[in-house]
Each structure stands twice: as structure tokens, then as C-alpha cells.
Amino acid sequence: MGYTITEKILLSHSRGTRSIAPGDFVMADVDLCLGNDVTSPIAIKEFRELGFDRVFNSKRVLLVPDHFLPAKDMKSANQARLLKDFAEEFKIDNYFELGEMGVEHALLPERGIILPGDLMIGADSHTCTHGALGAFATGVGSTDLGYAMAFGECWLKVPETIKIVLTGKPRKWVGGKDIILHIISDLGVSGALYKAMEFAGDTLQYLDMDDRFSICNMAVEAGAKNGIVPPDKITESYVKAAIRKYKPSRKTYKAVKSDKDAVYSETREYNVSKLEPVVAAPDLPSNGKPVSGYKNVKVDQVVVGSCTNGRISDLKTAASVLKGKRVSPDVRLVVIPATQDVYREAVKQGYAEIFVKAGGTFCTPSCGPCLGGHMGILSEGEVALATTNRNFVGRMGHPKSLVYLSNPAIAAASAVKGIIAHPSDL
Amino acid sequence: MKFKGKVHKFGDNVNTDEIIPARYLNTSDPEELAKHCMEDADPEFVEKAVEGDIIFGGENFGCGSSREHAPIAIKAFGVSCVVAKSFARIFYRNAINIGLPIFTSEDAVRDIKTGDKVEVDAVKGQIKKVGRKGSFNVEVFPKFIKEIVASGGLMGYAAKKARRVKQ
């Protein structure tokens, strides 16, 4: 009986374990552990209480203060300072200061820090994003991070795997975001609870890494432990380019794939060739329906950014829709590149100018308003359309504000029209 | 160990943004977080609830963000335990790791309502309404989880391990 890619990675990281099966508990060695400015302060406190004078590996602890930086208030500044001081004291290489910093799940792959076959935990639920590289990556809590910083390991239950087979070539304006919103709307927000979601099928050849990151990013919105795309040529060329550019401490990796006779709890097939762009209505990511189903839904704010859709191809798409257009006078457009590299590239390619000329804003990398942090909080009764990942009650501000989720093309078109719209409506 | 308290019942998919909204995440002080426990699910929760009370949830309780601030807010407020039909996985591990008692029981959640007084027997794995006959069984924790729970959470488990490592 064969193993899935998730099982193989868990097995190879569990010392003294000869075989594993879904439901087993393992204490797995982590290649990388990650925290941000919201979750690390608790982890640091726990770590210090254990009384260790060093972290398990100073190159494998990653601290990215992306949530509230540039510090939105004094308390946030104090939290971020904790990370900086800790990084200095424990000689953490991968701490990122403003100006270099980006949204963690865009930044780390971009720099070649996470590699195929890795086992990574992160005190952030969207850590599952990194599964797009053929790694096992899952969100945990702060105490898990504190423990991992000390011992270099994490307790994990081996998940069952749902195989998601994608077939067909997506149409224009349809990308990874639409595919994952479509899948979550079918599975429900707990449809993959505790499970791995493994993506396969001929559609993958049409999906670049940015699309794959969007897909794996939202696996957690179906309740999944991890999303994973077995590595192929697209993965390889992305990773090799990142290693060449940034020369991370590890330059080699071992890509893993599922066995032909691997066992899945379920296989689901989705033909995406006829899929329209999907918009998820408040207040669950599973409330997705085709964009054409929304008539006269007014929006007060449009956000393009986040670990889901703040990468360069996302900004390129949004810019292509906005070029030569004006944002509706009733709408605030907030564009937030996910990383400093994306920011620089967007300036170089002229996207930034398109956003600003259209009457939008172009901000410094941050999680921003996605989690209701800063840079675009909604007042009572306001409606936002965002390329982010969650539309829960009060997610972006007031408990009586509303968030719709979409891809960057729909977001850009809606900013121009003032209502949820498709680029062909312009 | 037994927990006895009044029930505050919530629906399915209660997410961690509702349990502790992001506007309060600029601190990790448990006392501060406790003041805003469940605020966006029920703004009056902290007024209505008292120490020892029990939260009941439906499916997928604690979904969304990994913020440990969510179980910390619940624990620091003094909620004695959380019972749900199912828990989102990161909330589940966070609760286990920090020593917030959680129990899974579909039947108990179906039958028990807000305002009911219940008794949760953690050792027997049973939930019953006070003054009523009959009880509901809770799902038994796997052996590995029991070990962490018995250590008072992951850091209790870690402290034992740290002593071994240092020896």
C-alpha cells in the first residue's frame, strides 16, 4: 500500500517511525517554524519560560512582523519590538524589518526559504499556503511555535487525504482564487476538517505558482490541515529562480510525490473549463456563486492584496483591468502588494502608476485590513469586496460591515463600477 | 474533575474573529483579552456570563485564524470548559496545548440549551443536566492527547521533556 505526499513527508520527518497511517500521532521534526507579530509574542514568552539559551536552529526560525506593521499603535509597536529583540538575542537570521518585510506566506516562498519536501509549521492559519510548493505546511498556535523553537518538533496527527482532481483549462479572468472558492462552496467550511487536500489533474499545467498559492492558501477555509500540490516543472523553475536570486541557506531539496497506489479518503473531480469568476458573499467563504449572480451589490471599498492575492500576477491582472479607467467616486480602492519585491516590480512595470492614476491607493506591504488590522477598516454598514480569504462577521472592521471575496480582476472591475462587476462590464 | 455551570450556546462555525476580534490582538495579556471574550458573537457575553459557566458550540467551533488569544480569552474569563459538536483543528490543538478543557459531543449539544445548568465529568467523559437523569457521552481523547492534557498542556509536557534534554 502506497503513501500520499503528505504521509511521505510526515513519515520522513518522524524519527524512529517506520510506517504511518491516518489517525496516528507523530512527533515530527520541523524544517521551519514561523511566527508573526500577533502570534510570536506568546510563543516567545512560552519559549523563555522553558529556560533554553538557544533556539533549536537559528536559521530555521522565521519571524515576520506582517500583521500590524507599520505599527498601527503603541501596543502593536511593543509587540513587534518583542520580535526584533528576540531575533537579535537569539541570532535569528530570518527576521524581516519593514522595507524588507512582506506578508509571510508570499515572502518566504519568494526568497526560496521554504522548499519542496519540507515540513513547516506556522503560528498563522494560512501557513497551508506553502503546500503549493509540494511541502507539508500547516497552521498551529503560539504554544506550538514556542515548543518548536525549543525542540525543533511538533505533535501532529496524520491526516486522511482528499484528492481534488482539476480538469480543463480555466477561462480568461478565472484563476486559482475562483477554483478554490468553487471547491470550498462545494465542500463547506468544515468539509475537509482535519484532512489534507491534495490537488491533481491536467488543470495544474495552466496554473502558475501564484494561482497555486491562492488555492493552497484557502485550504484552511474548508477546515483542512494542509493543501498540497505535488511538485512539477512549474514548481521547480519557481524554486530554482528563488534560490538563484536570494541564495538561501539551503539550496537543495528532495521533491516528493504521491505513490500510484496511495490511499485517499475521497476523490473529487472538478471540471473548471466552464467556471465563471466566483464571488463569496458574507459571512462564510463557502457562500460562493458566479459573479453574474450578483446584481447591483454596491461596494464602499475594494481591497487588492493579502497572502491570497497580493502577488505580482494579481497586481498585473488588477492593473490590466484598471488601465485608463477611474475608480468610482463612491469607492475607496486599497492596493497592497504582498512583499517588497512585488512592490518594486509593480512600480517598475507601471502597475503602481495605473492604480494611483485611477484614483486608488498603493500601500506598503502588510496584512493590512484583511484581518481588521489597519489600512482600511470598515465602519458600521460598509461593504467591501476583497481579494482576501475570509469574510467572517466583522472580519474587516465593524461587526455590522460586510465582506465579499473575489479574484483581483473582479475586484478591479468592481472598483470602477461601484458595484460587484466583471471586467467585461466595463 | 467535574465542571458545573450555566450553558451559553452558540451556533455552527463560531470563528476566532468572533471569539476575540483582531482589534484586540495588539496585546496578549490574558486579563485584557478576557474583557472581550466572545464579543463579536455576543457583545453581552461578558455581562451575562460568570466564572465557571460553560460554552456550547455547534460544528467547527473556533474556525479561522490560528490566534491562541481565542482559547486564552475564554480560559482567562473563567469559562470552565467548551463543549461542541466538532472543533476546528487549530482551535482544538490550542485548547489542548494551553489546558482549556474541551469536549466533543453531538448529542449533548443537540439537547442542551442556553441557560441549562450542566455538569461535565471529565474523568467519566459524561455530560448531564443538573437535576435530570441520564447523561451524554463525550468523545474520548486519543492516548497522545491525554498525555498532554495530564501534563496541564504542552508547556507542562515540554517542561518534563526539557528536564530530560538538559540532564
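Basis of the calculations
- Residues numbered from 1 in each chain as written.
- Chains lettered and ligands numbered in written order.
- Predicted model: local features only at pLDDT ≥ 70, side-chain atom pairs only at ≥ 80, totals over all residues.
- Heavy atoms only, no water.
- Helix = DSSP H or I, 4+ residues; strand = E, 2+ residues; numbered from the N terminus.
- Rg over C-alpha atoms; globule rule 2.2 N^0.38 Å.
- Buried < 20%, exposed > 50% of the residue type's maximum accessible area, 1.4 Å probe, protein only.
- Contact = heavy atoms within 4.5 Å.
- Areas by Shrake-Rupley, 256 points an atom, 1.4 Å probe, with all protein chains shown as cover.
- Lys, Arg positive; Asp, Glu negative; His and termini not counted.
- Charge placed at Lys NZ, Arg CZ, Asp CG, Glu CD.
- Buried area = accessible area lost by both parts, 1.4 Å probe.
- Salt bridge = Lys/Arg side-chain N within 4 Å of Asp/Glu carboxyl O.
- Polar contact = N/O pair within 3.5 Å; in protein donor to acceptor, adjacent residues only side chain to side chain.
- Nonpolar A, V, L, I, M, F, W, Y, C, P; charged D, E, K, R; others polar.
- Pairing = 2+ DSSP bridges.
- Phe/Tyr/Trp six-rings, centres within 6.5 Å; stacked < 30°, edge-to-face > 60°.
- Lys NZ or Arg CZ within 6 Å of the ring centre and 35° of its normal.
- Patch = residues over 30% accessible without salt bridge, like charges linked within 9 Å, V, L, I, M, F, W, Y side chains within 5 Å.
- 1 Å grid on protein atoms, 1.4 Å probe; cavity = no way out; pocket = protein on both sides within 12 Å on 5 of 7 lines; lining within 4 Å.
- Points joined across faces, edges and corners; volume = space filled by probe spheres on them.
- Core = buried A, V, L, I, M, F, W, Y, C linked by side-chain atoms within 4.5 Å.
- Axes fitted to C-alpha atoms, helices over the stretch in contact; angles between N-to-C directions.
- Parallel < 35°, antiparallel > 145°, perpendicular 65-115°, else oblique.
- Left-handed = near helix turned anticlockwise from the far one by under 90°.

**A short note on the overall build of chain B**
In step 1: Helices and strands together make up the secondary structure of chain B, namely eight helices and seven strands.
In step 2: The C-alpha atoms of chain B give 16 Å as radius of gyration, which agrees with the globular expectation for 167 residues (15 Å, within 12%).
In step 3: Going through the 167 residues of chain B one by one, you find that 60% of them count as buried.
In step 4: Contacts spanning at least 24 positions in sequence make up 66% of the contacts within chain B whose residues lie at least 6 apart.
In step 5: Counting only carbon and sulfur atoms, one obtains 49% of the accessible surface of chain B, whose full area is about 7100 Å².
In step 6: Each charge class in chain B was averaged separately, 27 positive and 23 negative side chains, and the resulting centres sit 9 Å apart.

**Quick notes on the interface of chain B and chain A**
In step 1: Taken together, the contact pairs 44 residues of chain B with 49 residues of chain A.
In step 2: Across the interface of chain B and chain A, roughly 3800 Å² is buried in total on both sides, 62% from carbon and sulfur atoms.
In step 3: When the buried area of chain B at its contact with chain A is split by residue, N26(B), R89(B) and R93(B) rank highest and sum to 20% of it.
In step 4: The tally of links between chain B and chain A comes to two salt bridges.
In step 5: Notably, a salt bridge pairs R93(B) with D144(A), separated by 2.8 Å at the nearest N-O pair.
In step 6: Between the two partners, chain B and chain A, sit 17 residue pairs in polar contact (both at pLDDT 80 or more).
In step 7: Mapped onto the side of chain B that touches chain A, the elements with two or more residues apiece are α1 (16-19), α4 (69-77), α5 (89-98), α7 (143-150) and α8 (154-166) of chain B.
In step 8: Its residues placed into classes, the side of chain B that touches chain A shows 20 nonpolar, 13 polar and eleven charged.

**Overview of the sheet that holds strand β6 (residues 136-139) of chain A**
All names here are of chain A.
In step 1: Ordered by their spatial adjacency, five strands build an open sheet running β4-β3-β2-β5-β6, and the pairing between neighbours is parallel. For this open sheet the edge positions go to β4 (94-95) and β6, each flanked by a neighbour on one side alone.
In step 2: As paired strands, strand β2 (residues 32-36) and strand β3 (residues 61-64) are joined by four bridges and run parallel to one another. Bridging from a neighbouring strand, L34 pairs with L62 of β3.

**Focus: the packing of aromatic side chains**
In step 1: With the rule as written, the count across this model stands at 23 aromatic pairs over all chains.
In step 2: When the centroid spacing of 6.1 Å and the interplanar angle of 35° are considered together, the rings of F25(A) and W155(A) count as tilted. With F25(A) in strand β1 (residues 25-29) and W155(A) in strand β7 (residues 153-157), the pair connects residues that are 130 residues apart, well separated along the chain.
In step 3: Relative accessible area serves as the criterion here: at 3%, W155(A) is assigned to the buried category.
In step 4: Judged by centre distance (6.1 Å) and plane angle (5°), the ring pair of F87(B) and F91(B) falls under stacked. For the pair formed by F87(B) and F91(B), the shared burial category is buried.
In step 5: Put simply, the rings of F25(A), F47(A), F52(A), F86(A), F90(A), Y147(A), F151(A), W155(A), F144(B) and Y157(B) touch in pairs and so form one group of aromatic residues.
In step 6: The ring of Y194(A) carries K157(A) above its face, with NZ or CZ at 5.5 Å from the centroid.
In step 7: Above the ring of W155(A), the side-chain terminus of R93(B) is found at 4.1 Å from the ring centroid.

**Here we look at a positive patch on the surface**
In step 1: A surface patch of like charges, here positive, comprises K4(B), K6(B), K117(B), K124(B) and K128(B).
In step 2: Relative to the assigned elements, K124(B) resides in the loop between β5 (117-121) and β6 (126-129).

**Some remarks on the pattern of salt bridges**
A side chain of one charge can pair with a side chain of the opposite charge when the charged atoms of the two come close.
Residues and elements named next belong to chain A.
In step 1: According to the stated counting rule, one finds 34 salt bridges over all chains in the structure shown.
In step 2: A salt bridge links R15 to E153; the shortest N-O distance between them is 3.5 Å. Highlighted residues: R15 in the loop between α1 (5-12) and β1 and E153 in strand β7, separated in sequence by 138 residues.
In step 3: Look at R15 and you get exposed, because its relative accessible area is 63%.
In step 4: The class for E153 is buried, based on a relative accessible area of 5%.
In step 5: E236 is the salt-bridge partner of K240, the closest N and O atoms lying 3.1 Å from each other. Placement of both K240 and E236 in helix α8 (residues 233-246) is noted, with a separation of four residues, approximately one turn of the helix.
In step 6: By relative accessible area, which is 38% here, E236 ends up partly exposed.
In step 7: Three or more residues joined by partner-sharing salt bridges are found here, namely R15, D29 and E153.

**Quick word on the pairing of β6(A)**
All names here are of chain A.
In step 1: Because side chains alternate across β6, one face comprises the buried residues F136 and T138, and the other comprises A137 and G139, equally buried.
In step 2: Note: strand β5 (residues 119-122) against β6, four bridges, orientation parallel. Within the sheet, the bridge partner assigned to M120 lies in β6 and is A137.

**Considering empty space enclosed by the protein**
In step 1: This model, assessed by the stated rule, comprises two cavities of 30 Å³ or more.
In step 2: Approximately 220 Å³ is the volume attributed to the largest cavity.
In step 3: Residue lining of the largest cavity: 23 residues in total, with H67(A), D124(A), H126(A), L371(A) and R395(A) positioned closest to the centre.
In step 4: For the lining of the largest cavity, the secondary-structure elements that each account for two or more residues are α4 (104-110) and α9 (306-309) of chain A.
In step 5: Looking at the lining of the largest cavity residue by residue, the class counts come to eight nonpolar, ten polar and five charged.
In step 6: In this structure, the second largest cavity occupies an estimated 140 Å³ of space.
In step 7: Lining the second largest cavity are 16 residues, with V220(A), G223(A), C63(B), G64(B) and A88(B) positioned closest to its centre.
In step 8: Each residue belonging to the lining of the second largest cavity can be placed in one class, and the counts come to nine nonpolar, five polar and two charged.

**Quick look at the nonpolar core**
In step 1: Counting 89 residues, the largest nonpolar core has M149(A), M38(B), F61(B), I74(B) and F91(B) as the members making the most contacts within it.
In step 2: Apart from residues no more than four positions distant in its own chain, F91(B) is found in contact with T16(B), I19(B), F61(B), G62(B), A70(B), P71(B), I74(B), L100(B) and I102(B).
In step 3: Formed by 61 residues, the second largest nonpolar core is a distinct cluster that contains C128(A), A137(A), M209(A) and L275(A).

**Focus: the packing of α4(B) against α5(B)**
Residues and elements named next belong to chain B.
In step 1: Contact geometry for α4 and α5: axes closest at 9 Å, N-to-C directions at 50°. With respect to each other, α4 and α5 are oriented oblique. Seen from above, α4 lies across α5 with right-handed handedness. In this structure, α4 uses A70, P71, I72, I74 and K75 to contact α5, whose residues at the interface are F91, N94, A95 and I98.
In step 2: Its residues assigned to classes, the contact of α4 with α5 shows seven nonpolar, one polar and one charged.

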